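# Chain and residue survey
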Amino acid sequence: MTKPPFRLSPYQVQFLMVVGFVTVGYALYVRYLAIEFSPVALACDAGTQTMLCKARALSTVLFKNSVFGITALVIAVLNLTRPSIVLLTVGLIAAGLGIVLYNVVLSGLAIGLFILGFARPAPATA
């Protein structure tokens with residue numbers, strides 16, 4: 001009994017597009033408004049306890065330890081062996097955050113593996 005190839009429905013593609021745009025948009029917001037914007041960075045370093053400062057501190061710790069890239073790479077390898085929409089969604093989130101938040105090499109490799117996950121041999125015809 002053969003397993004059918006992994007193909008996304010149009011609704012799943014639309015869902016992944018929304019998730020991807022929201023993830024990259026939030027990562028751009030955190031990077032350019034919280035991490036690199038000097039007044040906010042100075043206020044957060046002075047001890048301001050706002051949600052933006054907490055998001056800045058969390059994202060800084062995570063990207064310094066390459067958590068986004070490593071997570072995206074591990075999920076991409078799992079998706080390559082057993083493709084599913086859940087792995088693809090979580091991996092897309094991790095890779096999108098990693099690309100924008102300074103984990104470019106590992107996240108780029110993960111995106112390449114996600115693309116490679118769709119390359120399956122064509123079914124044999126009679």
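Refer to the structure printed above.
Reading the values: the criteria
Residues numbered from 1 in each chain as written. Predicted model: local features only at pLDDT ≥ 70, side-chain atom pairs only at ≥ 80, totals over all residues. Heavy atoms only, no water. Helix = DSSP H or I, 4+ residues; strand = E, 2+ residues; numbered from the N terminus. Rg over C-alpha atoms; globule rule 2.2 N^0.38 Å. Buried < 20%, exposed > 50% of the residue type's maximum accessible area, 1.4 Å probe, protein only. Contact = heavy atoms within 4.5 Å. Areas by Shrake-Rupley, 256 points an atom, 1.4 Å probe, with all protein chains shown as cover. 1 Å grid on protein atoms, 1.4 Å probe; cavity = no way out; pocket = protein on both sides within 12 Å on 5 of 7 lines; lining within 4 Å. Points joined across faces, edges and corners; volume = space filled by probe spheres on them. Nonpolar A, V, L, I, M, F, W, Y, C, P; charged D, E, K, R; others polar. Expected span 1.5 Å × (residues − 1). Arc of directions from axis to C-beta. Salt bridge = Lys/Arg side-chain N within 4 Å of Asp/Glu carboxyl O. Core = buried A, V, L, I, M, F, W, Y, C linked by side-chain atoms within 4.5 Å.

For the protein chain, the helix and strand inventory stands at 6 helices and 0 strands. The order of helices and strands in the protein chain, counted from the N terminus, is α-α-α-α-α-α. By the compact-globule yardstick of 14 Å for 126 residues, the protein chain is too spread out, its C-alpha radius of gyration being 18 Å. Across its three principal axes, the protein chain shows a C-alpha extent of roughly 70 × 25 × 20 Å. Within the protein chain, the fraction of its 126 residues that count as buried is 33%. Here the contacts in the protein chain between residues at least 6 apart in sequence split such that 69% fall between residues at least 24 apart. Working note: accessible area of the protein chain is about 8100 Å², and carbon and sulfur atoms make up 74% of it.

Our next topic: the layout of surface pockets. When its volume is computed, the largest pocket comes out at roughly 370 Å³. When contributions to the lining of the largest pocket are tallied by element, the ones reaching two or more residues are helix 1 (10-35), helix 5 (85-100) and helix 6 (104-116). The element best represented in the lining of the largest pocket is helix 1, accounting for 6 residues. Across the lining of the largest pocket, the residue classes break down as 13 nonpolar, 3 polar and no charged.

Taking 1.5 Å per residue as the helical rise, helix 3 (residues 51-64) with its 14 residues ought to reach 20 Å, and the 20 Å between its terminal C-alpha atoms agrees with that figure. Regarding helix 3, the residues found buried are Cys53, Ala55, Arg56, Ser59, Thr60 and Phe63. Looking straight down helix 3, one finds that the buried residues subtend no more than 160° of arc, so they occupy a single side. In helix 3, the exposed residues that point more than 90 degrees away from the buried face are Met51 and Leu58. Taken together, the buried residues of helix 3 touch helix 1, helix 2 (38-45) and helix 4 (67-81). Two residues or fewer after helix 3 comes Ser66, characterised by a positive phi angle close to 55°.

A word on the pattern of salt bridges. Between side chains of opposite charge, a pair can form when the charged atoms approach closely. For the structure shown, the criterion picks out 2 salt bridges. Glu36 is the salt-bridge partner of Arg31, the closest N and O atoms lying 3.3 Å from each other. Accessibility expressed as a relative area gives 18% for Arg31, which makes it buried. Of the charged contacts in the structure, one is a salt bridge between Arg56 and Asp45, with a shortest N-O distance of 3.2 Å. Linking Arg56 in helix 3 with Asp45 in helix 2, this pair joins segments that are 11 residues apart in sequence.

With 10 residues, the main nonpolar core is built from Leu16, Ala72, Ile75, Ala76, Leu88, Ala94, Ala95, Ala110, Leu113 and Phe114. Of all the secondary structure elements, the ones that give two or more residues to this core are helix 4, helix 5 and helix 6. Those residues within four positions of Ala95 in sequence are excluded, and the remaining contacts are Ala72, Ser107 and Ile111. Counting residues in hydrophobic clusters, the runner-up holds 9 residues, among them Ala34, Ile35, Phe63 and Phe68.

By themselves, these observations are geometric and do not establish any function.
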